[in-house]
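Fold and contact review
Each chain, written out:
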Amino acid sequence: MRECVFLFNLDAIVQDKNSKKNSSILEFINDNAQHCYFKQDCIDENWKKMVVAIGNSESDIAMMEKADIRIGYGGIKEVMPEILSTVDYAIYEEKKLVEFLERLLQEEKMILSRTVIISCAGMGNRLGLGTTKALLEVDGKTLIVRHLEQLQEEKDVRIVVGYQASSMIEAVLKCRSDVTFVFNHEYQNTGTGASVALAAKYANEYVLSLDGDLIVHPEDMKKILACQGEFVGGVVTESDDPWMLQTYMQEGTEYVRAFEKNNGNYEWNGVAQVKSERLRDGSGHVFQLIEPHLPIPFMLLRTREIDTQNDYEVAQKWVKNGFC
């Protein structure tokens, strides 16, 4: 990766909502002064460096246009809609911003580290309810809140937004502020693979990919989070329009060898944990990013995916019956 330089809107980072100085950001700037500039500074157009812009207001658009990576920071003031329509990421907590900037500077990846990516950019056309599916309520909780409650101990959670992005951000921030929002501005023309590829940039060593329209049995989520290596998740067929997993056994371990539309041992449920370097390029489905790297160990999970009205009704009954 090219050397990073950081271009800040000083007004956006110096003081938080309680009039306290954002000491962690100021410390980061002080420790990395050779990398840090402010938006009034002139940026050399001939730099062979990666420019990272951090701002929150309409006046920052020109600064953002110079950048390779654009971050909307809402830790002090609201990130304006004009900025949200152009940024790659939105971060609302000082600590999380500093962690993200430090990750960009790291030359070596952290050992046994994981980024969780939740794909929530789609329009949910097949369901026909006019809302992004992660905001659907099941037994009084939205799907995205259910994910976040199960991921409380995960330090790097990234939510890919597109359709109804502002509503998604608002709903998430009521539950958790230390989340990084990744924007898929081409959500109408791309699949979940493109969303995951965007969020996998500058991620930790492993990526755990989850769909926003999925409910995971609480005990199985514990199994997922305890896994220290790669896996592809599947379920006994339960949705209306499944992609299938073909598997085989070798020395006591079950492996996924192929994805097929109509033929397989289990249904692909969109859950996978793989090395992030495998996911950084693609635009179709997530399984199409994973396919070239098969075989990968299989993990049987109890999940419910919501693509159709029937799926929605089945998922509601499943949760209300105690995940039985």
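Scroll up to find the structure this text is about.
1. Notes on the overall build of the protein
When its secondary structure is counted, the protein shows 11 helices and 18 strands. For the protein, the C-alpha radius of gyration of 20 Å lies close to 20 Å, the compact-globule estimate for 324 residues. Taken along the three principal axes of its C-alpha coordinates, the protein extends 60 × 40 × 35 Å. Expressed as a percentage of its 324 residues, the buried residues of the protein come to 53%. Here the contacts in the protein between residues at least 6 apart in sequence split such that 68% fall between residues at least 24 apart. Split by element, the accessible area of the protein, about 15,000 Å² in all, is 45% carbon and sulfur. Distance from the positive charge centre (35 side chains) to the negative charge centre (50 side chains) of the protein: 2 Å.

2. With respect to the packing of helix α2 (residues 23-31) against helix α5 (residues 94-105)
Contact pair α2 / α5: the axes reach a minimum separation of 8 Å and the direction vectors enclose 20 degrees. Classified by the angle between their axes, α2 and α5 sit roughly parallel to one another. Contact residues: α2 offers S23, S24, I25 and F28, while α5 offers E94, L97, V98, L101, E102 and L105. In the contact of α2 with α5, the residues fall into six nonpolar, two polar and two charged.

3. With respect to the nonpolar core
Grouped together as the largest cluster of nonpolar side chains are 48 residues, with contacts concentrated most on F6, F8, I54, I71, L101, W268 and I290. No other element matches α5, which puts five residues into this core. Setting aside residues up to four positions removed in sequence, L101 forms contacts with F6, F8, F28, V52, I54 and I71. In this structure, V5, V145, M168 and F231 belong to the second largest nonpolar core, which totals 43 residues.

4. Looking at the side chain of D220
Structurally, the position occupied by D220 is in helix α9 (residues 218-226). A distance of 2.5 Å separates a polar side-chain atom of D220 from the backbone nitrogen of R302. Once residues lying within four places of it in the same chain are set aside, the contact partners of D220 are L300, L301 and R302.

5. Re the pairing of strand β17 (residues 296-300)
By the bridge criterion, three bridges tie strand β13 (residues 231-235) to β17 in an arrangement that is parallel. Within β17, the residue paired with V232 across the bridge is F298. With two bridges connecting them, strand β15 (residues 253-260) and β17 associate as antiparallel partners. In the strand pairing of β17, Y255 is matched with P297.

6. What to know about helix α7 (residues 165-173)
All buried positions along α7 are accounted for by A165, M168, I169 and V172. Take α7 and look down its axis: the buried residues cluster within an arc of 100 degrees, on one side only. In this fold, the buried residues of α7 make contact with α4 (81-84), β6 (114-120), α6 (143-150), β9 (157-161) and β10 (180-183).

7. Considerations on the environment of K261
Structurally, K261 is set in the loop between β15 and β16 (266-275). Looking at K261, the relative accessible area reads 27%, which means it is partly exposed. Here the alpha-carbon distance between K261 and V196, two residues 65 residues apart in the chain, equals 21 Å. Ignoring any residue separated from it by four or fewer positions in sequence, one finds K261 in contact with D241, P242, W243 and M244.

Conventions used here
- Residues numbered from 1 in each chain as written.
- Predicted model: local features only at pLDDT ≥ 70, side-chain atom pairs only at ≥ 80, totals over all residues.
- Heavy atoms only, no water.
- Helix = DSSP H or I, 4+ residues; strand = E, 2+ residues; numbered from the N terminus.
- Rg over C-alpha atoms; globule rule 2.2 N^0.38 Å.
- Buried < 20%, exposed > 50% of the residue type's maximum accessible area, 1.4 Å probe, protein only.
- Contact = heavy atoms within 4.5 Å.
- Areas by Shrake-Rupley, 256 points an atom, 1.4 Å probe, with all protein chains shown as cover.
- Lys, Arg positive; Asp, Glu negative; His and termini not counted.
- Charge placed at Lys NZ, Arg CZ, Asp CG, Glu CD.
- Axes fitted to C-alpha atoms, helices over the stretch in contact; angles between N-to-C directions.
- Parallel < 35°, antiparallel > 145°, perpendicular 65-115°, else oblique.
- Nonpolar A, V, L, I, M, F, W, Y, C, P; charged D, E, K, R; others polar.
- Core = buried A, V, L, I, M, F, W, Y, C linked by side-chain atoms within 4.5 Å.
- Polar contact = N/O pair within 3.5 Å; in protein donor to acceptor, adjacent residues only side chain to side chain.
- Pairing = 2+ DSSP bridges.
- Arc of directions from axis to C-beta.

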